[in-house]
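Single-letter residue listing:
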Amino acid sequence: VFMKVIDLVLLLERGKRRYELVGTQQHGTLIALDVEGRLFSVLDGEVVNRVNPEAFRGFSTRSAYLNPGGDGFWPAPEGSRLGYEYSTGSWRVPPSLTNARWQVIEKSENSLLAAAEVDLINSEGRGIPCLFSRRISLEFQAGSMLQKVTESIRYLGRETLSKDQALLAPWSLCQFDCDADCQLLLPPCPASEIWDLYTPESNCHRNLTPDGWQVAMKTDFRFQLGLSDKVSGLEFCDKRRHFRVQRTAVALAEGFSYIDIADQNPANEPNGRPVRFSAYCDPSGFMEIEAAGGTPTLLTPDCVSELQVRTTFAKS
């Protein structure tokens, strides 16, 4: 059963967390301004994303990360010597992300722009000051909602950094509860365009059909699939709740390139396969459909990395 939007609003208000709603409480997107700027999409008055109530009641620390659910906006890469989750040596979500205070810059009935300053520190200890922004616009059709989000990271530093010193790409992670009635669907593509970012490998979860790949979401181990730029998008399907969500993204602008976003040892070089889309599945019962942007060849002052994501939510 999906959470009612009124229950999410009550969670936010009881936790004294600010929020804004684009669209309406029947069909729209709520941005939790004091909860990582996460987006929560609403169809027929129900929140279709995963919601973790503990993240609205408490706060993340180095010892315990409270993953809010919704649709998060993180910097990539996650691991390697240039990643952003290992500046303390062990994995943690940067407090500049968990404690960010997003501000609404513009708003209309079906669109919104919000931004937050986020100072990042990569695994080598280099500080990278940034302005994160999320520009949201909604379009409605019978039974579905198209959510267009432009995720952007503006580099606010004064030094020009090479790709050997810093990588900085926007990364959107959209979460859903999942069980044995759920599948990840991928378009037809060679098996070589899909690979595992963790071990053990998830080949036992994948099945190739004439319509493309089906990936089972009920799992005893966590897995994450990397998808190449030859894959056009991905889809999450929940048969029991008669719900599906399709995600794609606009191709990168000239001068930007996809990177290896993987969670990996901070001693590693960030030279794995470049990822355009990815999907994460956790044995605790949630999954993510993810889209990654690109990093510039040179990180120059005021440079902006953009990721234009298109996500369609529909009930059948």
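Please refer to the structure higher up on the page.
Residues numbered from 1 in each chain as written. Predicted model: local features only at pLDDT ≥ 70, side-chain atom pairs only at ≥ 80, totals over all residues. Heavy atoms only, no water.

S.K.: Would you take a moment to explain the sheet that holds strand S16 (residues 212-216) for this structure?
M.R.: The strands making up a sheet are joined through hydrogen bonds of the backbone, oriented either antiparallel or parallel. Reading across the sheet, the 10 strands line up as S7-S8-S9-S10-S25-S19-S18-S13-S16-S15 and stay open at both edges, with antiparallel pairing between neighbours. The open sheet is flanked by strand S7 (103-108) and strand S15 (206-209), the only strands paired with a single partner. The sheet shows a mean angle of 20° between the axes of neighbouring strands, direction not considered. Relative to strand S10 (residues 144-155), strand S9 (residues 127-141) is paired through 12 bridges, and the arrangement is antiparallel. Counted as the bridge partner of Cys130 is Tyr155 from S10. (Pairing = 2+ DSSP bridges. Helix = DSSP H or I, 4+ residues; strand = E, 2+ residues; numbered from the N terminus. Axes fitted to C-alpha atoms, helices over the stretch in contact; angles between N-to-C directions.)

S.K.: Even after reading the chapter, I still don't get the pattern of salt bridges, so can you show me in this structure?
M.R.: Close approach of charged atoms allows side chains of opposite charge to pair. The final tally for this structure, using the stated rule, is 23 salt bridges. Between Glu20 and Lys107 there is a salt bridge, with the nearest N and O atoms lying 2.9 Å from each other. Of this pair, Glu20 sits in strand S2 (residues 19-23) while Lys107 sits in strand S7; the two residues are 87 residues apart in sequence, bridging distant segments of the chain. Asp181 is paired through a salt bridge with Arg240; the nearest N and O atoms lie 3.5 Å apart. Here Asp181, found in the loop between strand S12 (169-177) and strand S13 (182-186), pairs with Arg240, found in the loop between strand S18 (234-238) and strand S19 (243-249); they are 59 residues apart in sequence, far enough to count as distant. (Salt bridge = Lys/Arg side-chain N within 4 Å of Asp/Glu carboxyl O.)

S.K.: Would you take a moment to explain helix H1 (residues 5-14) for this structure?
M.R.: Think of an α-helix as 3.6 residues a turn; residues three or four steps apart then line up on the same face. Of the residues making up H1, those classed as buried are Val5, Leu8, Val9, Leu11 and Leu12. Viewed end-on, H1 has its buried residues packed into an arc of 155°, placing them on one side of the element. Just downstream of H1, Lys16 is the residue with a positive phi angle, here 55°. (Buried < 20%, exposed > 50% of the residue type's maximum accessible area, 1.4 Å probe, protein only. Arc of directions from axis to C-beta.)

S.K.: Any chance you could explain the side chain of Asp260 here in plain terms?
M.R.: With respect to the secondary-structure elements, Asp260 resides in the loop between strand S20 (256-257) and strand S21 (277-282). For Asp260, which is buried and forms no salt bridge, the nearest opposite charge comes from Arg273, at a distance of 9.1 Å. A distance of 3.1 Å separates a polar side-chain atom of Asp260 from the backbone nitrogen of Ala262. For Asp260, the side chain forms a polar contact with the side chain of Gln264, separated by 2.9 Å. (Lys, Arg positive; Asp, Glu negative; His and termini not counted. Polar contact = N/O pair within 3.5 Å; in protein donor to acceptor, adjacent residues only side chain to side chain.)

S.K.: Quick question: what am I supposed to make of the packing of aromatic side chains here?
M.R.: Given two aromatic rings, their pairing is described by the distance between the two centres and the angle made by the two planes. Tallied over the entire structure, the rule returns 11 aromatic pairs. On the numbers, 5.5 Å between centres and 80° between planes, the contact of Phe2 with Phe243 is edge-to-face. Within this pair, whereas Phe2 is found in the segment before strand S1 (3-4), its partner Phe243 is found in strand S19, the two being separated by 241 residues in sequence. A ring pair is formed by Phe40 and Phe56, whose centres lie 5.8 Å apart and whose planes are at 55°; its orientation type is tilted. Highlighted residues: Phe40 in strand S4 (residues 38-43) and Phe56 in helix H2 (residues 54-57), separated in sequence by 16 residues. (Phe/Tyr/Trp six-rings, centres within 6.5 Å; stacked < 30°, edge-to-face > 60°.)

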